[in-house]
Amino acid sequence: MRNATGARRVALYGRVSIERTERSKSVDDQLAELRQWAEREEWTITGTYRDDGLSASRYANGRARPGWQRAMDAVNGGDVDALLVWEISRASRDRPVFAALFAACADSDVQIGTGGRLHDLTDADDGFILDLGAALAVRESAVISKRTRRAAESRAAAGRPAGSVPYGYRRVVDPDTGHTIGRALHPEQGPIVAEIVRRLLTREPANAIAADLNRRGVPTATGKQWRPGNLRILALRPTYARLRVHHGQVLEGVRGTWPAIITEDEHDRLVEMFKDPARDKFRNPTYARHLGTGIFRCGREGCDGRMRVVAQSVSGKGHHRPPSYSCRVCHKVSRTQTLVDDLVEMLIVRRLSRPDVVAELEQGDDPGVAEAAAEAARLKLKLRAARQAWDDDQLSLEEYTDMRARTEPKIRAAEQRARPRHVPQALIDVASAGAEAAEKWAVLPIGDRRAIVAALADVTILPAGRGKWKFDPDGVTVKWRSGPA
């Protein structure tokens, strides 16, 4: 239906994708050309709609086009007599969208204007021309997608970077063209990534690392505060080990063209550490409320399990038992939690009061750390393969049990040798207090205390023996990682 003056009512629509080519027109140019056409014909423009930087392809991940939706509302509502587009591919490059457009125009008696000509969907020739133009637009979209996919695969196979530049790197730009030609280490962010990975590998709690970075005023990529959960996501990125990722998978045998911040061995150890089922809520500082939860070890022969704190309970005689450390593997070793903590804290503070503690810890890692870490990873993979063989009925239960009994002690021994020494910032703060180390320690958050204990010593709780209920300090061994016994 035309307006009261009899002039044809038209709507204008323009669109351009994010990637422009030399032969494409901007949205402003498209609409200007359509507006001139309508003015020459003395048509009434009822609406102008546009979508800037939005693809109309089916490969556009379902991104909505608000301008196109409003144009379709005008067609379906009978508010226009014709919809003008610069070329038919500006309307869409997707078959279902074309089908919906043509059906709506036919039902509402709306013509489609393109290339300076109006097309009537009810006319056989006009319909054929529009169908042909739509088919060519769909084909061109598929060709572009295929070309883009092949280019992405080629870049991935060559190890060239793609996507946004991760924290720790900066863009390398060609001074003549202004195009990005690679990545280089960021002089400030790169060392922070290496530090985060190193500290996580020493089992320092993520919340303690985040708190330390915030305390030092180290900015994130967005300038916000560091969060424990984000540290894990950042550290596990294969990019830092020069591993090329394509479609979410690390490409075998492909190395990136950018410099590495960490080694592949460090990346593999991180992945293995976060996959370890023993790294449960008792190792998570969000849940840990006690000094030795998940850090202290069971000293029962053949166990070496981690300790947890068992809450208060009532004995058969009605007496309340205080919370105690209990091995959560064998359940046969238990000690009163407060007495163990008091003993360990006293020894830790005494050790931190020595002037040489930081220097001793900073002497450097044992040269066999990397070899031990690789051995632990190899043994874990071997044990995992044996488990899979058992699941597939290729290995008997007896054979798998025997292999597990022989392999797990070797894994634990290798992991102990593979733990590099790292000095948490909280340890340096307390040690620098000298005679006031005890006061500094007393106000530390539990996460920082746990990080210091893990960096300084291996704490083992031994079996008490039958009938021995009185706390014996000799039942707790504290083995320093360096320095005096």
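Residues numbered from 1 in each chain as written. Predicted model: local features only at pLDDT ≥ 70, side-chain atom pairs only at ≥ 80, totals over all residues. Heavy atoms only, no water.

A word on the pairing of strand 6 (residues 169-173)
Right, on to step 1. As judged from the 5 bridges shared by strand 6 and strand 7 (residues 180-185), these two strands associate in the antiparallel manner. Paired with V173 across the two strands is T180, which belongs to strand 7.
Right, on to step 2. If you look at the hairpin formed by strand 6 and strand 7, you'll find 6 residues sitting between the two strands, and G178 has a positive phi there, around 80°. (Pairing = 2+ DSSP bridges. Helix = DSSP H or I, 4+ residues; strand = E, 2+ residues; numbered from the N terminus.)

Focus on the sheet that holds strand 2 (residues 44-52)
Right, on to step 1. Across the sheet, which stays open at both edges, the 5 strands sit in the order 2-1-3-4-5 with mixed pairing between neighbours. Each edge of the open sheet carries a strand with a single partner, namely strand 2 and strand 5 (117-119). Adjacent strand axes in the sheet meet at a mean angle of 25°, parallel and antiparallel pairs treated alike.
Right, on to step 2. Direction of pairing for strand 4 (residues 111-114) relative to strand 5: antiparallel, over a ladder of 3 bridges. Bridged to T114 within strand 5 is R117. (Axes fitted to C-alpha atoms, helices over the stretch in contact; angles between N-to-C directions.)

Quick look at the sheet that holds strand 15 (residues 334-336)
Right, on to step 1. One open sheet holds the 3 strands; their spatial order is 11-14-15, and the pairing between them is antiparallel. Strands at the two margins of the open sheet, each flanked by one partner only, are strand 11 (307-310) and strand 15. Across the sheet, the mean angle from the axis of one strand to that of its neighbour is 30°, orientation sign disregarded.
Right, on to step 2. Sheet topology note: the strand 11/strand 14 (residues 324-327) ladder contains 4 bridges and is antiparallel. Bridging across to strand 14, M307 finds its partner in C327.
Right, on to step 3. Its contacts with the sheet place helix 10 (residues 337-352) against strand 11, strand 14 and strand 15, and it is angled at close to 75° to strand 15. (Contact = heavy atoms within 4.5 Å.)

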